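Structure at a glance
Listed below are the residues making up each chain.
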Amino acid sequence: MDWDLTSYFNDFAAYESFLGELEVDCRRLLTSLSSVPPLSPVTEATWAGAIDHYENTLARFSHASSYVGCLASAEAQVDRHQQAEARIARAGAELSKLSLEFVRALRGVDDATFESFASRPAVLSARPALERWRREGAHTMSSELEALAADLGNDGVHAWGRLYNRLSSDLTFTMAWPDGRRDVLPVSQRRSIMASPDRAVRLAAFRGGNEAWARTSDVCGAALNHIAGTRLTLDARRKRPSAVHAALEQAAISEATLDAMMAAVAGGASVARKVLSLKAKAMGRTSLAWCDLEAPFEIGTPEAPIPWDEACARVSRSFHRASPELGGYFDHTVARRWIDFAPRAGKRPGAFCTSSEVTDETRIYMTYQGTAGDVSTLAHEAGHAFHAEAMRGIRPLARQYPMTLAESASTFGELLLADGLRKEGIIDDAGRARMLGDGLGDAVAFLLDIPVRFLFERAFYEERRKGEVPVARISELMSTAQRRVVGTVLEEGGDDPLFWASKLHFFLTDISFYNFPYTFGFLLSRALFQRYQEEGPSFMPKWVAFLRETGNAEAHVVAATTLGENLESEAFWRRAIESLEPDLAELEALAPKVFHTSK
Ligand SMILES: [Zn+2]
């Protein structure tokens, strides 16, 4: 492995005894808390002490799980690491039981009792977490009913999810290649084939795949109906005001924020449609099918591989240009060997950043193969790492930031890199076009694809409330959403009515509306970057203040207090979308020089 993990543990045995102690402490704490009555003037001191214990276990858990995550990714073939992953997952489940005890403690307590507790000096800075638990308590049934729901879920809602997983992993489709070959392939391979630059290949994968999905659409439709039906029943019992309420809470954004963002996206989708038009033009067409959405821009000469050291130097220079603190932290990460980057057999795919709340260190995992996209991935993960560093010294309960805000640091890192490289002028036209194409491809995903999923899911839930929705109707809702969002760039008959069946995330049973947080993160980071472009390096301390607060409140509150931005106004989101216009104009200007025009 490239990275040095010795500051986590000297060896695996040291890790195992650390985890063993943590497991014992967790069990002890759970046993003792389960007999403490809910919060009252009598139990206040006990619960305050419990918070301290709980945070201590949280920090130690982050240390252990970060270590295991590193090992299991970098040396996936080692059995011991796989077993360690299963064991740490069980420890994580025990920790969530602990947090449920706090939910129980705060459930239904009156304001005076809550205030008295939350204003204790030792508890005060954990207040946002207390408020989260209290809100969660307001939307849970009695402990007995929640336990029954969880038990029934194993053979009910989660079983429908597992049935879908089983079905989709066994499902195959016939791939009729344009040259006459025919292959029977698992549907999991379809998406990468649909990213082919050859349109005939894309269409063949699309048609073959949808024949397979059509064969199973009755079962998929039943699964979707019953997952949603269970959720609606539970939502009503848990007094959740809308189908999207649980997802909003998980994303830590207000309904007004979501509405403002979606309104701006609906009004500003034209820029993403123009990206599609440009893509169509490069293919010698005027409109595209849904299955062309992820087709790459075909751009000029193949890029020369960028050596690892040069990749680090590029990220370092771009970060230093914005902030010595950010650049310095990245240099520190490289110098201390905190990055595992080299391609090796037995490495898992993907990239991530992980951190320990015990040592306050971070690690970056990726497989670097020398493409410009890989350099961008490095900047992305380095952005996450800096976010963790910015939170150094903050208590564990005030560090739990939602996914919506996590991506604002990483995407910002990518934007700083792109900006730095543009200013240095070391990238040729083809490289620049490729970067712009990637960014604008994201715009298509976040401003068209994700909103389609959101509109579909919302419409589906509305109809499901009245009863089961037939498969034909589900498909109609999907086509309608696609036509509405993509508009006339979507060719006649180019919609994908079975998109709902082929997308796993509609069948996730732990979370609904697994879609809008991505659009949120994309646009928020663009808005932040726009502020940086206007204000220059003097913006960076505000950005750091924003990062430090991300675990403390709902997104609109954090943005208002640290940046003076109003996330509940459509204008904020519209500006973020408009920031894509100059990129589009630049790519349009480069297009005649760099695009391969293909079929
Ligand atoms: Zn990320």
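Thresholds, definitions, all that
Every chain's residues receive numbers from 1 upward, in the order its sequence appears when written. This being a predicted model, a pLDDT of at least 70 is required before a residue's local features are given, and a value of 80 or more before pairs of side-chain atoms are given or counted; all residues contribute to the totals for chains, interfaces and linings. To get an axis, fit a line to the C-alpha atoms, keeping to the stretch in contact for a helix; angles then go from 0 to 180 degrees between the N-to-C directions. Helix numbers and strand numbers start at the N terminus; a helix is a DSSP run of H or I with at least 4 residues, a strand a run of E with at least 2. Should an angle lie under 35 degrees it is considered roughly parallel, over 145 roughly antiparallel, and from 65 to 115 roughly perpendicular; all remaining angles are considered oblique. Working rule for handedness: look at the near helix, and if it is turned counterclockwise from the far one by less than a right angle, call the crossing left-handed; if clockwise, right-handed. In this description, a residue-residue contact is defined by the distance between C-beta atoms placed from the backbone, which must lie within 7 Å. Residue classes follow a fixed rule: Ala, Val, Leu, Ile, Met, Phe, Trp, Tyr, Cys and Pro count as nonpolar, while Asp, Glu, Lys and Arg count as charged, and any other residue, Gly among them, counts as polar. Whether two strands pair depends on DSSP finding at least two bridges between them. Residue ranges labeled as domains rest on an automatic or database domain assignment. Multiplying one less than the number of residues by 1.5 Å gives the expected span of a helix. Bending is quantified residue by residue as the angle between axes fitted to the seven-residue window ending at that residue and the seven-residue window starting at it. For our purposes the nonpolar core covers buried Ala, Val, Leu, Ile, Met, Phe, Trp, Tyr and Cys residues that link as a set through C-beta atoms within 7 Å. Counting other C-beta atoms within 10 Å of a residue's own tells you its class, since 20 or more makes it buried, 12 or fewer makes it exposed, and anything in between is partly exposed; those C-beta atoms are placed from the backbone.

Another aspect to go through is the packing of helix α7 (residues 157–170) against helix α9 (residues 199–237). Put simply, α7 and α9 touch, their axes get as near as 9 Å, and they point 155° apart. Comparing the axis directions of α7 and α9 gives the class roughly antiparallel. Both α7 and α9 take part in a crossing whose hand is left-handed. Between α7 and α9, the contacting residues are Val157, Trp160, Gly161, Leu163, Tyr164 and Leu167 on the first element and Thr216, Val219, Cys220, Ala223, His226, Ile227 and Thr230 on the second. Across the contact of α7 with α9, the residue classes tally to 9 nonpolar, 4 polar and no charged.

The subject of this paragraph is the sheet that holds strand β5 (residues 362–365). Pairing is mixed across the open sheet formed by 3 strands, whose spatial order is β3-β5-β4. Edge positions in the sheet fall to β3 (339–340) and β4 (352–355), since each of these pairs with one other strand and no more. Bridge count for β4 against β5 is 4 bridges, and the pairing is antiparallel. Opposite Cys353, over in β5, you have Ile364 as the bridge partner.

With domains assigned, the chain is organised as domain 1 (12–138) and domain 2 (308–436 + 522–566). Of note, the centres of domain 1 and domain 2, computed from C-alpha atoms alone, are 28 Å apart. Every contact between the two is made by 18 residues of domain 1 and, on the other side, 19 residues of domain 2. Those elements that provide at least two residues to the side of domain 1 that touches domain 2 are α2 (44–74) and α5 (127–138).

A separate point is the packing of helix α17 (residues 429–464) against helix α18 (residues 471–486). Relative orientation of the contacting elements α17 and α18 amounts to 140°, with a least axis distance of 9 Å. On the basis of the axis angle, α17 is oblique to α18. α17 and α18 meet at a crossing whose hand is right-handed. Side by side, α17 and α18 meet where Leu448, Pro451, Val452, Leu455, Phe456, Ala459 and Phe460 of the first sit next to Ile474, Leu477, Met478, Ala481, Gln482, Arg484, Val485 and Val486 of the second. Across the contact of α17 with α18, the residue classes tally to 13 nonpolar, 1 polar and 1 charged.

What follows deals with helix α24 (residues 581–594). A rise of 1.5 Å per residue sets the reference length of α24, with its 14 residues, at 20 Å; its end C-alpha atoms lie 19 Å apart and thus fit the reference within 8%. A bend of about 25° at Glu588 is the largest found in α24, and the proline Pro592 appears one to four places after it.

Core analysis: the biggest nonpolar cluster contains 165 residues, and Leu224, Val315, Val444, Leu447, Trp500 and Leu523 have the highest contact counts within it. Sorting elements by how many residues they give to this core places α17 first, with 15 residues. Here this core spans two domains, and each of domain 1 (12–138) and domain 2 (308–436 + 522–566) adds at least three residues to it.

Further remarks concern the environment of Ser376. Inspection of the secondary structure assignment puts Ser376 in helix α15 (residues 372–390). Along the primary structure Ser376 and Ala311 are separated by 65 residues, whereas in three dimensions their C-alpha atoms are 8.9 Å apart. When near neighbours in sequence (up to four residues on either side) are disregarded, Ser376 contacts Glu414 and Leu417.

Moving on, we get to unusual backbone geometry. The phi dihedral of Lys239 falls on the positive side, at around 55°, and the residue is not glycine. With a phi close to 60°, Arg337 is a non-glycine residue in the positive phi region. For Arg337, a count of 14 C-beta atoms within 10 Å translates into the label partly exposed.

Turning our eyes to something else, we now look at the environment of Ser287. On the secondary structure map, Ser287 appears in the loop between α12 (270–282) and α13 (308–322). Residues Ser287 and Glu492 lie 205 residues apart in sequence; the distance between their C-alpha atoms is 8.6 Å.

Direction of pairing for strand β1 (residues 172–176) relative to strand β2 (residues 182–186): antiparallel, over a ladder of 5 bridges. When the bridges of β2 are listed, Thr174 appears paired with Val184. If you look at the hairpin formed by β1 and β2, you'll find 5 residues sitting between the two strands, and Gly180 has a positive phi there, around 100°.

This brings us to helix α1 (residues 12–34). It helps to recall that an α-helix has 3.6 residues per turn; residues three or four apart then point in one direction. Its 23 residues place the ends of α1 33 Å apart at the C-alpha level, agreeing with the 33 Å of an ideal helix rising 1.5 Å per residue. Along α1, the residues classified as buried are Tyr15, Leu19, Leu22, Cys26, Leu29 and Leu33. Buried residues belonging to α1 abut α2 and α3 (79–106).

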